[in-house]
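Given next are the chains, with one letter for each unit.
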Amino acid sequence: MDTRIKKMAQLLDSDQVLEKAGLTKKSSLQGVHPPWHDFTTLHPGSDNGLLVTHSSKIHDPLRVQMKKVQSEKVQTSEEWLRNYSLESLQLTLEHLVDEGKIILNSRNGVEEIEFTEETVTDFESRLSEVIELYQQRIQWLLQDSRKVFGLIKGTKVGLLVDVSHVSCRPRLLDFQKDLFCLIDEQLCYKKQLYCLSFSAEMSPLWESPKNINVHVLHEARQWIKQLEPGRGCNLLKGLKHVFTMKELNSLVLIVGSCPDQSLEILSDYAQQCMLGRKLHLHAVAYDCSSPSSLAVLKNLAEAVRGRYHCYSSKGENFDSSDFQLLLQESRKAKDLLGSIKQTFRGRIGDSLIGRIADVSTEFASTAPCNFFPKPPKHEGPLVIQTPCVLAKTSKEWLKTYGLKAKKLNLYQVLAPNAFSPVEEFVPILKKTVSSTLHEKAMIQFEWYDGTVKNIHVDLPVLYNYQKLLVNMVRIYEKRIDWLSVASRRIWGSVCERRVVILVDVSVTNSMYIIHIQHSLRLLLEEQMSNKDCFNIIAFGSDIVPWQLELVPSQPENLQKAWRWVLSLQCKGSRNLMSALRRAVEIDFKDKDKHKSQGLYLLTTGIPDQETHTVSAYVAEVCRGFDLQLHVCLFSVMEEVDSNGIIPARYANPTETAIAFKEIVQRANGRFHWFGEAGIFESDDITIIVSEMEKANKYSQKCAFLAESLKQRSVNQSVKTFIPEGDPNVLTKKEKRRPQKLPSPKPTALSLARMYIKDNHDAEKNASRRVQTWRPTSAKAEIPPGPVYQKYPKVTCIGKSVPSVTLPNKEEICSSKEWLSKYSIKKLKLELPRLLFGPGCIHQRKTVALLHKKVSAKYCTVFPSVEIDGVVKHLQFHPKELEIYTEQLEKVLRCYIERIQWLLSGSRRLFGTILEANVCLLIDTSGSMDPYLPHIMKELTSLIWEQLRKNKVRFNLLRFAENTETWKECLVEATDETCHNAVQWVSTFHAHGNTCTLVALQKALSFQGIEALYVLTDGKPDTSCSLILTEVERLRKKQDIKIHTISFHCADRGANEFLKKLASQTGGRYHCSFGDVDGQLAAHRMLTEGFDDEDDPVFPYFEGDDLKKLTQEVAKARGFLKQAKFLRIKF
């Protein structure tokens, strides 16, 4: 046997290695144990008891030795691979090359490398043994408690157990059985142990960690037997408690449901608490099917450099840090072994001789693509997905969702309240004078065209506008996230119907061929199935098309294209111009007859041709046609062998990006630059970021306007308290209006003249009030003084416009109650009542002499209008009409803002919760299955937004074929109960029929209940009349309102039943249908004004609250239209 083989044998089967792995030669008495066993366990007997409780085994010297070794030599896969990785065992490609012998060929003077057959065979044998070694350790990790919980590291262990997921009895028994195995097989060999269970509350077994002994292990087993299911998963609370135990050096988290806290909160807290401590975190996801829970635990473990283990009783979603490291190393060894066999296949003789260039080419060019790490199922068939909608570029997308498209441009919002400064020439002063009104009532603001406008700042409008901006920014962030994942991270959004893909397979991409193939796989799977036709062209020095022309994007063609992609080989330089010519002149030869055509170039470097040459060509072929060139630049470090083909041109990544930007600009395309670290630059993302920055700038300007208004208010209030003439007070120098000169002191003559004038005016006024008595004949005597005649008091027919007072914040009440205080009638703003009285009717009387009816003498002086066939005269002045219009618009704005409030948050789906003691009944029958995730999300929002905020005592009840309540009685809305309620809601699942009557009977039995809120999507299983009768009977005992909520219910009969149920019990009927159109109409009214009565209009709301408000809005808009029409009459 060769000495190297002997060394390998010694390495794989020696006492020293066994000791490193956690075994001594004594442990071989139990059988042959390979070095992947970090410790050896004794299998429990049939009694399933703790082995340490048997005194006959405690004193076994072998067990004592094993316990000592196991407690000290436990190794994770990362630690184990430090001694048994391919690099440590010298089994890499570089080590194989080092074992060859370099010789000089006498014929051509080329250096060659010589391998003996024994050397290659020996290397292959050692690789095979190592692969078997990895497989055996993997199998060992998948046995007993290691399969469920992984390998527990450390000597002083804290065990945190989540009991929120063990809701049913069989699952609890399995969980307890697995925990017993964990104690028997791993935890019993530790030095100290601390146990704690948690759900919404935590329950520690001991106050501090205990030293391991028989009694401690017995208490731990009893504690496991007594575990009870709980609600909620307050992981943060458990971590806060266990981090106070400074003795621990290992922390094991066993979680089976999604934690109540977010990943950011948990990871930040764990990092702060573990800073400077030698504490190892081991997170275990136990039989958990929630992807969010798995992601939280895995990321938490990675954030604190711990380990992660995922176990599923169904064999799904298995994952482990230890397992993945071994699997990766095993896969690397297998790929290397396959490459060696493929390279030296068919060579016969005692020696294997080849040129160094040949070996280098075979291993560095062809072989690497075989032993490079590949994604899972890389060579398998495509899993084709059909996109729901045709993709759009961000530029096109913003035409629908941009700030301007949504009428959220700041200048659009401010325009109704923006006024240009007024300047007029005053002849007396012989100069132009500016208006100074804005200094008192308005804020000066620079407009987009550089001019200065005077802005009337309406703070509620600005605050509402800022909220809308925040919502739009969230939409833009979601768009960016969508553009940054899956195939869009590499290709961007492929929008055209006819597509040709150009793939760079030059020799510089040899190390990245797997990346290129995987990128093409993602594109074919996710974005190509809804295209009309496509083709793929690979180019290096030569042009290799997949098909001679475009082919339909059918599944079979996509699969054929993928099999062709797997055969691509990298060679040559980057002949981009030839690839473009081939695509344009053959695939797009009829480009003038088609629309929506695109070229997508995936490349890693600058092309062989000059940039200006390529730019001129693409500009010429794309001009006048619906054809674009898009570039996807994959940034890599180019490493070319000196004997390979060197690219015709070289540029660093920045220069390459600049060159392709110029080409893309000439071709009306988009530029996308990415790398292994992420996206560096993308036109699609850049334009979205620009829109977000614009929204941020608008928000800052709104804040500036609001702050300016507040500052002005403060300055004015301070100014009133400054004592005049105080020399110690420094006032800011400002422009002041010139004051009138004081009148001169009057002289005696001036005073006399003023006295005469005043007396004359007084006599003149008195003469107007006095009617002098005149005699009927000359004989009559004149009375001594004037006679005053008392006339009847004139009644004023017209009424003044009242000044309305509206609420500053939204009141929590029904629309019926709200309108009883703020309706048009209550505010006395009904137009006919203000304008017309009994004396306003146009009257015509018959004149006997003329034999016809004649109008009053002064009828033509007053404007008239015909109302319901009766001509009436207006007794309103134009100024009064303007005041009325202003007051009515103010009321209308208040109405619409309340409608927006009713259509926001959880009120959109559930309406407004009015009472202080309520129960929510949620229909979870089978018909609710498509909508249940949305219901759960909105219900979570309701719990926090209305119940918790308004401190409502509440309970939850779900009903399908049977009912289930969250609690047995009403509970206070605290943070803890709300967390618990949200966790309970997350367990909803749709099934069965709709037992509405049973649910109502159960809910009406709660003590202290004031109202029920019933959400359902259809008719109940029982008779509707029976339910109405039974509810009426139950309500005789206590007056309980039932509010009904119709959700996605198209059955008119079911909706009528819900309306009757609400009306009969004094409740309200609510339906969210038309909410989106309603929000849009409200926004348009607030931004565009109320000039047009017919556009926009609210959709027909069936719900009581929204229906009453929209009817009042329609009434107010009618009055406003009449008032503006009458204003024209003057």
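What you see is a predicted model; the values in this text were computed from it and never measured.

The rules we used
Residues numbered from 1 in each chain as written. Predicted model: local features only at pLDDT ≥ 70, side-chain atom pairs only at ≥ 80, totals over all residues. Heavy atoms only, no water. Helix = DSSP H or I, 4+ residues; strand = E, 2+ residues; numbered from the N terminus. Expected span 1.5 Å × (residues − 1). Buried < 20%, exposed > 50% of the residue type's maximum accessible area, 1.4 Å probe, protein only. Arc of directions from axis to C-beta. Contact = heavy atoms within 4.5 Å. Core = buried A, V, L, I, M, F, W, Y, C linked by side-chain atoms within 4.5 Å. Pairing = 2+ DSSP bridges. Axes fitted to C-alpha atoms, helices over the stretch in contact; angles between N-to-C directions.

A.B. asks: Is there a simple way to think about helix H13 (residues 291-303) in this case?
C.D. replies: Because the α-helix completes a turn every 3.6 residues, residues three or four places apart line up on one side. Taking 1.5 Å as the rise per residue, H13 with 13 residues should run 18 Å; its terminal C-alpha atoms sit 18 Å apart, in good agreement. Along H13, the residues that are buried comprise Ser 293, Leu 294, Val 296, Leu 297, Leu 300 and Ala 301. Buried positions in H13, seen along its axis, are confined to an arc of 165° and lie on one side of it. In H13, the exposed positions that point more than 90 degrees away from the buried face belong to Pro 291 and Glu 302. Contacts made by the buried residues of H13 are with helix H11 (235-242), strand S7 (250-255), helix H12 (263-274), strand S8 (280-286) and strand S9 (307-311). Looking one or two residues past H13, Arg 305 carries a phi angle of roughly 60°, positive in sign.

A.B. asks: What is the right way to read the nonpolar core from this model?
C.D. replies: Where a protein is soluble and globular, its nonpolar side chains tend to be buried together. Core analysis: the largest hydrophobic core is formed by 39 residues, its most contacted members being Trp 818, Ile 824, Leu 829, Tyr 884, Leu 888, Val 891 and Phe 1098. Ignoring sequence-local partners within four residues, the contact set of Val 891 consists of Val 804, Leu 806, Ile 824, Leu 827 and Leu 829. Formed by 34 residues, the second largest nonpolar core is a distinct cluster that contains Trp 564, Leu 568, Tyr 600 and Phe 634.

A.B. asks: Please explain the sheet that holds strand S31 (residues 963-965) as it appears in this structure.
C.D. replies: Strands belonging to one sheet form pairs held by backbone hydrogen bonds; the direction of such a pair is parallel or antiparallel. If you walk across this open sheet you meet the 6 strands as S31-S30-S29-S32-S33-S34, and the pairing is mixed. Two strands bound the open sheet, and with one partner strand each, they are S31 and strand S34 (1069-1071). Here the average twist between neighbouring strands, direction ignored, is 20°. For strand S29 (residues 917-923) and strand S32 (residues 1011-1016), the ladder comprises 5 bridges, and the chain directions are parallel. Across the sheet, Leu 920 pairs through a bridge with Tyr 1013, a residue of S32. Against the sheet, helix H33 (residues 932-948) contacts S29, strand S30 (953-959) and S32, and its axis sits at roughly 175° relative to S29.

A.B. asks: Help me understand the environment of Met 528, please; the structure alone is not making it clear to me.
C.D. replies: Considering the arrangement of structural elements, one finds Met 528 in the loop between helix H22 (513-526) and strand S18 (533-539). Judged by its relative accessible area of 0%, Met 528 falls in the buried class. The residues contacting Met 528, other than those within four sequence positions of it, are Val 499, Leu 523, Phe 534, Ser 553 and Leu 558.

A.B. asks: What am I meant to see in the sheet that holds strand S16 (residues 452-455) here?
C.D. replies: One open sheet holds the 3 strands; their spatial order is S12-S16-S15, and the pairing between them is antiparallel. On the outer flanks of this sheet lie strand S12 (418-419) and strand S15 (443-446), each paired with one strand and no other.

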